Amino acid sequence: MRKLFISLLLLLGVSLQVAAQTPKDIMKEPIPVAMFQVNYAFQMPAFDTRKLYGVNHSIGGGFAYKTETNWLFAANANFIMGDKVKGDRIELFGEGITTIHGEIIGGAGSVALLDVNQRGFHVQAEMGKMFSLGPNPNCGIFVQGGLGYLQNRLRVDFQQTLLNPPYQVEGDYQYGYDRLRGGPAVHFETGYLYLSDTRLFNISVALEVTYARTRDLRDYDFRVFTNPETGQLEPVGPTDPHKRYNDFYYGIRVTWSIPTYERKPDDYYYD
């Protein structure tokens, strides 16, 4: 994967020089275009992801290159943020550090104000094809897919409780509760790419799906629950190194591109 990203970056570097040296009229003919990109996605979870997380927002950026024959190559990284986490505090942190009402008592002896969120990231390399349709030959419907790596976890935010820190989930202790998992991912998307003769309005809108085959990245789960058979508190304990999760996201992504092509000079006519 690392070699693939390096190869794509080298390709994009060469494409920047080629695009700059061969100005053409983007409104009349297909041209090679290297692009810096910024994107936003609204995503919904499915499969194992849905058991713990709700909808999320993904923000990222990267580089893309469209060849003169409308082949697409891209490398990007995306940060996943979600404030919808399923389950009450007892389910998330266990019975060992919570009260019967699911609260955590902070170091000052009062209830700690916690905010539990989803965090993660997704990096990938992609390739695809665009089919010209629209105001110029460099616009059209595209399909592309890629391979990458996806990771997600629970994040405990207690910045508002500096005078009453929840030591039970502070520092390294949080790693026993964050359910960190990650693994290889595949990504597919289809949408419409619009490129104009100005660098200000070049966007794409796409429907996307991402599937990751993940595993636990923490060796131990600190949560403690009551065993219904014995009535005793027992820890979840070591995670299963062979267990795999099916993490799945689908949604819509909007990408703003900053192309690097050089505009063809306007034609002037003299008598």
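Description of the structure in this document. The model shown is predicted, which means the values in this text are computed figures rather than measured ones.

Reading guide: rules and limits
- Numbers given for residues are sequential positions, taken from 1 along each chain in its written order.
- With pLDDT at 70 or above as the cut-off, local features in this predicted model cover only qualifying residues; side-chain atom pairs require 80 or more to be listed or tallied, and sums for whole chains, interfaces and linings still use all residues.
- Hydrogens and waters are ignored; side-chain quantities use all the structure's heavy atoms.
- Helix and strand definitions follow DSSP, with helices as H or I runs of at least four residues and strands as E runs of at least two, each counted in order from the N terminus.
- Relative accessibility thresholds used throughout: buried, under 20% of the residue-type maximum; exposed, over 50%; partly exposed, between the two (1.4 Å probe, protein chains only).
- Contacts are assigned to residue pairs that have any heavy atoms within 4.5 Å of one another.
- The accessible surface values rely on the Shrake-Rupley method and a 1.4 Å probe; as for residues, cover is taken only from the protein chains in view.
- By the convention used here, strands pair only if DSSP detects at least 2 bridges between them.
- What counts as a ring pair is set by centres within 6.5 Å for rings of Phe, Tyr and Trp (its six-membered ring), and what kind of pair is set by the plane angle: stacked under 30 degrees, edge-to-face over 60, tilted for all other angles.
- We count a charge as sitting over a ring when the NZ of a lysine or the CZ of an arginine lies within 6 Å of the ring centre and within 35 degrees of the ring normal.
- Residues belong to a common nonpolar core when they are buried Ala, Val, Leu, Ile, Met, Phe, Trp, Tyr or Cys residues joined through side-chain atoms within 4.5 Å.
- Convention adopted: a line fitted to C-alpha atoms gives each axis, helices being fitted over their contacting stretch, and angles between N-to-C directions are expressed from 0 to 180 degrees.
- Think of a salt bridge as a Lys or Arg side-chain nitrogen and an Asp or Glu carboxyl oxygen that are within 4 Å of each other.

**Side note on the overall build of the chain**
Each helix and strand counted, the chain has 3 helices and 10 strands in total. If you list the helices and strands of the chain from N to C, you get α-β-α-β-β-α-β-β-β-β-β-β-β. When each of the 271 residues of the chain is scored for burial, the buried share is 45%. Counting only contacts in the chain whose residues sit at least 6 apart along the sequence, the fraction spanning at least 24 positions is 74%. Summed over its atoms, the accessible surface of the chain is roughly 14800 Å², and 61% of this surface lies on carbon and sulfur atoms.

**A short note on the pairing of strand β10 (residues 245-259)**
In this sheet, β10 lies alongside strand β1 (residues 33-47) in antiparallel orientation, the contact comprising 13 bridges. Looking at the pairing, Ala46 lines up with Phe248 of β10. The sheet contact formed by strand β7 (residues 203-216) and β10 spans 12 bridges and is antiparallel. By the bridge assignment for β10, Val209 is matched with Tyr250.

**Considering the pairing of strand β2 (residues 56-66)**
Sheet topology note: the β1/β2 ladder contains 11 bridges and is antiparallel. Looking across to β2, one finds that Met35 is bridged to Ala64. Pairing analysis gives 10 bridges linking β2 to strand β3 (residues 71-82), with the strands arranged antiparallel. The residue bridging Gly61 from the neighbouring strand is Ala77, located in β3.

**Concerning the environment of Ile31**
In this structure, Ile31 sits in the loop between α1 (2-21) and β1. When the C-alpha positions of Ile31 and Pro137 are compared, they lie 8.5 Å apart, and in sequence the two are 106 residues distant.

**Focus on the packing of aromatic side chains**
Scanning all chains against the criterion turns up 8 aromatic pairs. A ring pair is formed by Phe121 and Tyr149, whose centres lie 6.0 Å apart and whose planes are at 35°; its orientation type is tilted. With a gap of 28 residues between them, Phe121 in strand β4 (residues 115-132) and Tyr149 in strand β5 (residues 140-157) connect regions that are remote in the sequence. Here Phe121 falls in the partly exposed class, since its relative accessible area comes to 32%. Ring geometry for Tyr177 against Phe222: centres 5.7 Å apart, planes inclined by 85°, an arrangement best described as edge-to-face. Of the two residues, Tyr177 is situated in the loop between β5 and β6 (181-194) and Phe222 in strand β8 (residues 220-226); the sequence distance between them amounts to 45 residues. Three or more aromatic residues link up through ring pairs in this structure, and these residues are Phe93, Tyr177, Tyr220 and Phe222. Over the aromatic face of Tyr245 sits the side chain of Arg181, whose NZ or CZ is 4.3 Å from the ring centroid.

**Re the nonpolar core**
Formed by 15 residues in total, the largest nonpolar core has its most connected members in Val85, Leu92, Phe93, Leu114, Leu154 and Val169. One finds Ile26, Ile31, Leu72 and Phe142 within the second-largest nonpolar core, a separate group that totals 12 residues.

**Some thoughts on the sheet that holds β3**
Backbone-to-backbone hydrogen bonds pair the strands of a sheet. The strands run either parallel or antiparallel. Overall, antiparallel pairing links the 8 strands, which are arranged β1-β2-β3-β4-β5-β6-β7-β10 in a closed barrel. With direction set aside, neighbouring strand axes in the sheet form an average angle of 25°. Pairing geometry for β5 and β6, over 13 bridges, is antiparallel. Along β6, the bridge assignment pairs Phe142 with Gly191.

**Notes on the pattern of salt bridges**
This structure, assessed with the given rule, holds 6 salt bridges. In this structure, Asp178 engages Arg218 in a salt bridge whose closest nitrogen and oxygen atoms are separated by 2.8 Å. In this pair, Asp178 sits in the loop between β5 and β6 while Arg218 sits in the loop between β7 and β8, placing the two residues 40 residues apart along the sequence. What makes Asp178 buried here is its relative accessible area of 5%. Taking relative accessible area as the criterion, Arg218 reaches 22% and is therefore assigned partly exposed.

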